[in-house]
Each structure stands twice: as C-alpha cells, then as structure tokens.
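What follows is each chain in one-letter form.
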Amino acid sequence: MIFDQAETFIARYEEVAEMMSDPEVINDNRRFRELSKEEADLRLKVDAFKKYLNVTSNIEEAEEVLNETDDAEMEELAKEELRELKEEKENLEEEIRVLMIPKDPNDDKNIIMEIRGAAGGDEAQLFAGDLYNMYSHYAESQGWKTEVVEASANDIGGYKEIILQISGENVYSKLKFESGAHRVQRVPETESQGRVHTSTATVGVMPELEDLDFQIDESDIRVDIYHASGAGGQHVNKTASAVRMTHEPTGVVVAMQDQRSQQQNREKAMMILRSRVYEKLQAEQQSEYDSKRKNLVGTGDRSERIRTYNYPQNRVTDHRINLTIQKLDRIISGELDEVIDALLLADQAERLEELNESNI
C-alpha cells in the first residue's frame, strides 16, 4: 500500500534537502532546479505522511485506554477521541492518495497556444478569433500575461492562425486539456437564410520550455533567412528579418516574421520550435501508454473533437467527460473555470483509480 512508503519518502526528502546545501549542486543550475522541484513536491507528501503516522499512533493509544479503563467517563472520552481521530485518518488517507498521483512535470510552466481556423472557411477563422478572445479573457481573470507571438488575420476579423505565449502561475496545468478540435454551431453573419452552420477551429497547447528543460542539437536545425511579406511598410519589405527554422530529424518547421528584428524572430522561432519538437516526441512516447488508459480527457491530439459550442441553445458540451453547460455566452467571454475544474477532477479521478489498482 502507498501508506507503507512513508519512511521511504521521508528519507528521500531529508536526502534531497542535504544535497541542496552542497556547493556543487548550488552551482549547477539545472541540478539545483530539479532538486528544488522534487523538494517542494516531497515536502507536501512528507508533511501529510507525518500527520498520518501521528494520528495512527494516537489511535493506538486511544484504543489502549478504551480497552484498559473501567471508568465510564474516561471510556466515553476515549470513544469520542477515537471517532475524531479515525475521521482525521480517513481525510489524511484521501489527501495522501491525491498527493501520490504522479505530477505532470510541466504543470508549472508557461505555454505556447496555437489556434487555427479549420473546416468552415471564413466562419472557422472567425471562431478562431472568438477562441482567442475567450482564452485571453480567461488569462486576464487568472492574472496571467498574454502576448501574441504570430498572427495571420483575415479581412473580416478572424484568424487563419494565431500563436500566443501565456505566462503566469500554473498556466499549463489549467490549459493543457484545451488541445483538440473545437466545433461551433451557429448562424454565420454572412448567412442570409438563417441556417445554422457547423465549423471547427483547432487549439494546440504546448509547455514553453527553456534550454535547461529540453535541448535541441543546433546541428539538427536548418535556418533560412528571408524578406518578410505582408503589411509592415519599408521595414518589412527591405529587411531580411524573417526566420524559418526546420528541425530536420522530426520535420518540424517554424516560420517567424512578426518581430521587428531578425534576432527577435530567431528567439521566438526557437521558443516555438523547442515546444513543438518536444510535443511531437512526447506524443510518440506516450502513444502506447495512452492506448492503455481510458483517456477521459483525451490524448491532446489536435484532430480530436473535444468540445461543441452551440449558439442557438447557448450550450457548451465537452464530449470527453459528457459535460453540458447552458452558459455559452459566459464561457465564450472567458468564464472557463467550471469547464476546466471539471476536466481536472476527471483526470485526477482517473489517475487516482490507476494508482489504487497498481497498489492492490
């Protein structure tokens, strides 16, 4: 059982704390950061385990008192204490089970979000713009910062593609389940006969990785420099500032031209390239594991239909967890907490079930 692992976790926590005081570790940024994350994660488990062990010991003492006393008043006090201690023990057991769920190492990272109009022409691109506004307002409500890295807008206020960088506390942990195909059902502004059309836009969410998190061999990257196209005046037309990076082993390509200088475009392109290559490699490694899971919240594949936004009925349905909410107007304006919390709980329940099965 997982509760039998208390001493192992406590010993590891003490070992990590000692290692973090080692000057060699302190001077190794990558190692120190890895240990800091492990220490923070272990601290929560160790605190809960110590409380659990203390409560277990108190239960044993209360039971001894109950078995040995002949005093009616003392017996009643022991019974009351025992009831309270057993309730506390149950609560701690549930807390520890949740803490023992393997943590996604990317949960505390910022993200790169890519939104693209898919099936449905102009209407799909308008919907991509709606999704961009939805996530921007949600990010604002969370106190996060949103920056448009690259955007390809159409003439009617939508986007063929828009790439965002969203930074703040635990961004990836809350938005990681947004990857997939989002479907909209509504009457387009251009529809003269009032018919409901169905269109889709895709969302991709990737953790923003630093070089310390995930390294790409520079010899695997082909870099092409060219003149930016589109609006932008003389600077865009005369300066070779646009950058295209190709990661040859995976075939992942990133083109960047929205920044003012070649160096800025290089930095943004590298940031996105690192995240895309990581996402591709992770998807390949996870495919076998995912096939064995129920995957209530999906695989994160951008082609997987995850949610429908039905405007005539003011309804949003998340197909992965059979969640239907009659608040589309509020959700599309950025009030996503109810949807995101439900997805997180579904994922937690699934992982908790897996953990319990593995410890039977």
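Rules used in this analysis
Residues numbered from 1 in each chain as written. Predicted model: local features only at pLDDT ≥ 70, side-chain atom pairs only at ≥ 80, totals over all residues. Heavy atoms only, no water. Core = buried A, V, L, I, M, F, W, Y, C linked by side-chain atoms within 4.5 Å. Buried < 20%, exposed > 50% of the residue type's maximum accessible area, 1.4 Å probe, protein only. Helix = DSSP H or I, 4+ residues; strand = E, 2+ residues; numbered from the N terminus. Contact = heavy atoms within 4.5 Å. Salt bridge = Lys/Arg side-chain N within 4 Å of Asp/Glu carboxyl O. UniProt positions renumbered as here; feature names shortened; annotations may be inferred. Patch = residues over 30% accessible without salt bridge, like charges linked within 9 Å, V, L, I, M, F, W, Y side chains within 5 Å. Areas by Shrake-Rupley, 256 points an atom, 1.4 Å probe, with all protein chains shown as cover. Lys, Arg positive; Asp, Glu negative; His and termini not counted. Charge placed at Lys NZ, Arg CZ, Asp CG, Glu CD. Phe/Tyr/Trp six-rings, centres within 6.5 Å; stacked < 30°, edge-to-face > 60°. Lys NZ or Arg CZ within 6 Å of the ring centre and 35° of its normal. Expected span 1.5 Å × (residues − 1). Pairing = 2+ DSSP bridges. Axes fitted to C-alpha atoms, helices over the stretch in contact; angles between N-to-C directions. Parallel < 35°, antiparallel > 145°, perpendicular 65-115°, else oblique. Left-handed = near helix turned anticlockwise from the far one by under 90°. Nonpolar A, V, L, I, M, F, W, Y, C, P; charged D, E, K, R; others polar.

We now examine the nonpolar core. One finds Met-113, Ile-115, Leu-131, Tyr-135, Ile-166, Leu-175 and Tyr-309 to be the most contacted residues of the largest nonpolar core, which totals 35 residues. The set of elements that each furnish at least two residues to this core consists of strand 1 (111–117), helix 5 (121–141), strand 3 (159–167), helix 6 (171–175), strand 5 (197–207), strand 11 (323–325), helix 9 (328–331) and helix 10 (337–358). At eight residues, helix 5 tops the list of elements feeding residues into this core. Among residues more than four places away in sequence, those in contact with Leu-131 are Ile-115, His-182, Ala-201, Val-203 and Tyr-309. Core analysis: the next-biggest nonpolar cluster, separate from the first, contains 21 residues, Tyr-13, Val-16, Val-46 and Val-55 among them.

What follows covers unusual backbone geometry. Notably, Asn-314 is not glycine yet its phi reads approximately 50°, a positive angle. By relative accessible area, Asn-314 is classed as partly exposed at 26%.

This part takes up the pattern of salt bridges. Within this structure, the stated rule accounts for 25 salt bridges. Two residues, Glu-75 and Lys-79, come together in a salt bridge whose shortest N-O distance is 3.3 Å. Taken together, the positions of Glu-75 and Lys-79, both in helix 4 (residues 72–99) and four residues apart, correspond to about one turn of that helix. A residue is classified by how much of its surface remains accessible, and Glu-75, at 30% relative accessible area, is partly exposed. Across the pair Glu-178 and Arg-307 runs a salt bridge whose closest N-O atoms are separated by 2.7 Å. You can see Glu-178 sitting in the loop between helix 6 and strand 4 (180–186) and its partner Arg-307 sitting in strand 9 (residues 305–310), a full 129 residues away along the chain. Here the salt bridges do not stand alone but share partners, grouping Glu-114, Arg-116, Glu-161 and Arg-276 into one network.

For the rest of this paragraph, the subject is the UniProt feature "coiled-coil region" (unreviewed entry) in the protein chain. In this structure's numbering, the residues bearing the UniProt feature "coiled-coil region" (unreviewed entry) are residues 71–102. Within the segment residues 71–102, helix and strand shares are 88% and 0% respectively, and the terminal C-alpha atoms sit 48 Å apart.

Once that is clear, we can look at a negative patch on the surface. Among the surface-exposed residues, Glu-60, Glu-61, Glu-63, Glu-64, Glu-68, Glu-81, Glu-84, Glu-87, Glu-88 and Glu-90 lie close enough to one another that they form a single negatively charged patch. Listing elements by their share of the negative patch, those giving two or more residues are helix 3 (29–68) and helix 4. Mapping Glu-60 onto the fold places it in helix 3.

Let us now look at the packing of aromatic side chains. Here the structure, examined in full by the defined rule, presents four aromatic pairs. Seen from their ring centres, Tyr-132 and Tyr-159 are 5.7 Å apart, and the 75° between their planes marks the pair as edge-to-face. Remark: Tyr-159 occurs in strand 3 and Tyr-132 occurs in helix 5; sequence separation between them is 27 residues. Here Tyr-132 falls in the buried class, since its relative accessible area comes to 17%. Residue classification places Tyr-159 among the buried residues on the basis of a relative accessible area of 19%. If you follow Arg-186 out to its NZ or CZ, it ends over the ring of Tyr-311, 4.9 Å from the centre. Positioned over the ring face of Tyr-226 is Arg-244, at 4.6 Å from the centre of the ring.

In this model helix 4 runs 40 Å from its N-terminal to its C-terminal C-alpha over 28 residues, within 8% of the 40 Å that 1.5 Å per residue would give. Of the residues making up helix 4, those classed as buried are Ala-78, Leu-82, Leu-85, Leu-92, Glu-93, Ile-96 and Arg-97.

Once that is clear, we can look at the sheet that holds strand 7 (residues 242–247). The strand order 6-7-8 describes an open sheet built from three strands, whose pairing is antiparallel. Here the strands that pair on one side only, and so sit at the sheet edges, are strand 6 (221–226) and strand 8 (252–256). Each neighbouring strand pair of the sheet contributes to a mean axis angle of 15°, computed without reference to strand direction. Pairing of strand 7 with strand 8 involves five bridges; the strand directions are antiparallel. If you follow Thr-246 over to strand 8, its bridge partner there is Val-253.

Here we come to the packing of helix 3 against helix 4. For the pair helix 3 and helix 4, interaxial distance at closest approach is 9 Å and the crossing angle is 155°. Here helix 3 lies roughly antiparallel to helix 4, going by the angle between them. For the pair helix 3 and helix 4, the crossing hand works out as left-handed. Here the residues of the contact of helix 3 with helix 4 sort into 16 nonpolar, two polar and 11 charged.

Our focus in this paragraph is the sheet that holds strand 1. Read from one edge to the other, the open sheet built from eight strands follows the order 2-3-1-5-4-9-10-11, with strand pairing classed as mixed. This sheet does not close on itself; its edge strands, each paired only once, are strand 2 (145–153) and strand 11. For this sheet, the mean inter-axis angle between neighbouring strands, taken without regard to orientation, is 15°. Here seven bridges tie strand 1 to strand 5, and the two strands are oriented antiparallel to one another. Residue pairing across strands places Ile-112 opposite Met-206, the latter belonging to strand 5.

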